[in-house]
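Summary of structural features
Here is how the chains run, residue by residue.
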Amino acid sequence: MAGRLEGKVIVILGASDERSMGAATAHRCAAEGAKLVLAARRLDKVQAIADSIGAVAVSCDITDEAQLAALADTAVSTFGKLDGAVNFAGIETASPIADISREVLQQNCDVHLIGTTLFIKHMTARMSDGGSVVTTSSQTALLAPPGLAAYAGTKSGADHIVRIAAVEFGEQNIRVNSLAPGFTPSAMTEGFLAMPAIEQAFLNEIPLGKLPSTDDMANAALWLLSDECFMTGRLLDISGGQTLRRIPNATEMGF
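Quantities reported herein were computed from a predicted structural model and do not represent experimental measurements. (Residues numbered from 1 in each chain as written. Predicted model: local features only at pLDDT ≥ 70, side-chain atom pairs only at ≥ 80, totals over all residues. Heavy atoms only, no water.)

**Observations concerning the packing of helix 3 (residues 65-79) against helix 4 (residues 102-125)**
Axis separation between helix 3 and helix 4 bottoms out at 9 Å; the angle between their running directions is 35 degrees. Crossing hand, helix 3 versus helix 4: right-handed. Of the residues in helix 4, those in contact with Glu 65, Leu 68, Ala 69, Leu 71 and Ala 72 of helix 3 are Gly 115, Leu 118, Phe 119, Lys 121, His 122 and Met 123. (Axes fitted to C-alpha atoms, helices over the stretch in contact; angles between N-to-C directions. Helix = DSSP H or I, 4+ residues; strand = E, 2+ residues; numbered from the N terminus. Left-handed = near helix turned anticlockwise from the far one by under 90°. Contact = heavy atoms within 4.5 Å.)

Take a look at the structure:
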């Protein structure tokens, strides 16, 4: 039986660590028959993951437009086409607005807002026969967590760009959607989870009673990339229902 992505060529940006959402999605897509181009800033790290699943590895920094264009071109020059692309690139910053710096705001804009827009621009430009672009938002873009104005604000801005892109590229049969992960154990959150109170504080706010996993994100991305999906311009909330409640405060998390 053919896989759900059999014959499709997929780019995944942000797959440099086996504990990441990008790596989990790469393994899931490979198991479903996709031909993959994996990318991250550190070629040596993404190369190891690519080698393990027979993918092509590329060095790409989302803040460099020329590198994004080259990433899309690599998919076409290697496999003859591009059907799907997923962007997991992101940075983690925190600061109350009263203390926020222009530098932190600019970093978040460069990665989450400008980078996401240019990722959509260059991936869709190589999708000659329709396709699917998936970006990564956050449950913080759906809530109002103190201290995360730069992070959540730029993620939320990118979500609106996703809606506009869905309208602009719909006639080309290209879907553009975004994932909104909840607090997920991964390479990015490992340091937070080392604090004993944090996991329970989040579990208290999740109706389904468990933290989402990188496999949950991979499964959601797989559906968005597959021909089973007839959705565009939407934000897919993968938080186990936490966005129906709230993000725990600093005291509850043990800060």
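On we go from here.
**Quick look at the sheet that holds strand 5 (residues 131-136)**
Spatially, the seven strands line up as an open sheet ordered 3-2-1-4-5-6-7, and their pairing is parallel. Among the strands making up the open sheet, the edge pair consists of strand 3 (56-59) and strand 7 (235-238). For this sheet, the mean inter-axis angle between neighbouring strands, taken without regard to orientation, is 20 degrees. Bridge count for strand 5 against strand 6 (residues 174-181) is six bridges, and the pairing is parallel. Within strand 6, the residue paired with Thr 135 across the bridge is Ser 178. In this fold helix 5 (residues 149-169) packs onto strand 5, strand 6 and strand 7, with an angle of close to 160 degrees to the strand it touches most, strand 6. (Pairing = 2+ DSSP bridges.)

**Overview of helix 4**
Helix length check: helix 4 (24 residues) gives 32 Å between terminal C-alpha atoms against 34 Å at 1.5 Å per residue, within 8%. At Gly 115, helix 4 shows its strongest bend, of approximately 40 degrees. Residues Val 104, Asn 108, Val 111, His 112, Gly 115, Thr 116, Leu 118, Phe 119, Ile 120, His 122, Met 123 and Thr 124 constitute the buried set of helix 4. (Expected span 1.5 Å × (residues − 1). Bend = angle between axes of the 7 residues up to and from the residue. Buried < 20%, exposed > 50% of the residue type's maximum accessible area, 1.4 Å probe, protein only.)

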